[in-house]
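An overview of the molecular structure
If you want the building blocks of each chain, they are given just below.
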Amino acid sequence: MRHFFLSVVFYIGFVSSALALECKQDTLTENSDGEMLQTLSGDIFESLGGDSITALLWLPMSDLLVCGPNLFDYTGTTYKIYEITNIDDGEKISALAIKSSSMPTQTSGGCYKSSIVKPTPFMGNNDEIFVLSDGSVWQIKYEYEYMYEYYPTIVACPDAGYVIVDGKKLNAIVLK
């Protein structure tokens, strides 16, 4: 019943993109048929709805970006729902936190969600300079994507030297 309820909530428009989610990098250590995912930090997640099909082929030692939580109250119980991106594959799922050992109050690894405000369209090509909604200025390095994205939402990881745009990991540096 819980799977059905959470699947319905997810698919009828549980919107998290408008919220500023905190993100941290982690590594997948165990994958139980895509339904239960355990990370190197000890966190355990349960895939929501059909997302277990997407996560089924995720290999241990895959790099993950875990963003959240979105808190959802139902009949007196608060559920923590996370957005998990497999950085290696560029695939994204939603998952329920079963065990959360170290979800930070501040962004771990320096990753955060933002959006590109200039240029429009964003191309994702080598040496392209772009500005995020927080005012930071970045430059793409050694990438040629020809993305044609208008104001895309991204995950920026300045400490790791990349951004994730539309599921694609692009090498990037912060200029200011």
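Coordinates for the structure precede this section.
The structure reproduced in this document is the subject of the present report. (Residues numbered from 1 in each chain as written. Predicted model: local features only at pLDDT ≥ 70, side-chain atom pairs only at ≥ 80, totals over all residues. Heavy atoms only, no water.)

A few words on the sheet that holds strand E1 (residues 23–32). Spatial ordering of the closed barrel is given by E1-E2-E3-E6-E5-E4, a layout of six strands whose pairing is antiparallel. Averaged over all adjacent pairs, the angle separating strand axes in this sheet is 50 degrees, with direction ignored. (Pairing = 2+ DSSP bridges. Helix = DSSP H or I, 4+ residues; strand = E, 2+ residues; numbered from the N terminus. Axes fitted to C-alpha atoms, helices over the stretch in contact; angles between N-to-C directions.)

Our next topic: the nonpolar core. Core analysis: the biggest nonpolar cluster contains 13 residues, and Phe 122, Phe 130, Ile 154 and Val 163 have the highest contact counts within it. Residue assignment for this core shows that the elements contributing at least two residues are strand E8 (129–132), strand E9 (137–140), strand E10 (153–157), strand E11 (162–165) and strand E12 (168–174). Contacts of Phe 130, omitting those with residues within four sequence positions, involve Ile 116, Lys 118, Pro 119, Phe 122, Ser 136, Val 137, Trp 138, Gln 139, Ile 140, Ile 154, Val 163 and Ala 172. Core analysis: the second largest hydrophobic core is formed by 12 residues, Leu 28, Phe 45, Tyr 82 and Ile 93 among them. (Core = buried A, V, L, I, M, F, W, Y, C linked by side-chain atoms within 4.5 Å. Buried < 20%, exposed > 50% of the residue type's maximum accessible area, 1.4 Å probe, protein only. Contact = heavy atoms within 4.5 Å.)

Now for the state of the cysteines. Following the criterion strictly, the structure yields two disulfides and no others. Here Cys 23 engages in a disulfide with Cys 67; their sulfurs sit 2.0 Å apart. Of note, the bridge from Cys 23 to Cys 67 carries an S-S torsion of about 110 degrees and is right-handed in sense. Taken together, the positions of Cys 23 in strand E1 and Cys 67 in strand E4 (residues 63–74) put the pair 44 residues apart, joining distant regions of the chain. On the basis of relative accessible area, Cys 67 is assigned to the buried category, the value being 1%. The disulfide bridge from Cys 111 ends at Cys 157, spanning 2.2 Å between sulfur atoms. Between Cys 111 and Cys 157, the S-S torsion sits near 115 degrees, and that sign places the bridge as right-handed. You can see Cys 111 sitting in the loop between strand E6 (91–99) and strand E7 (112–118) and its partner Cys 157 sitting in strand E10, a full 46 residues away along the chain. Per residue, the accessibility class of Cys 111 equals that of Cys 157, and both read buried. With its bonded cysteines labelled in order along the sequence, the protein chain shows the pairing 1-2, 3-4. (Disulfide = S-S within 2.5 Å.)

Moving on, we get to the sheet that holds E8. Strand order in the closed barrel formed by six strands is E7-E8-E9-E12-E11-E10, and the pairing between neighbours is antiparallel. Direction aside, neighbouring strands of the sheet carry axes that sit 45 degrees apart on average. Pairing analysis gives four bridges linking E10 to E11, with the strands arranged antiparallel. Pairing of Val 155 across the sheet is with Ile 164, part of E11.

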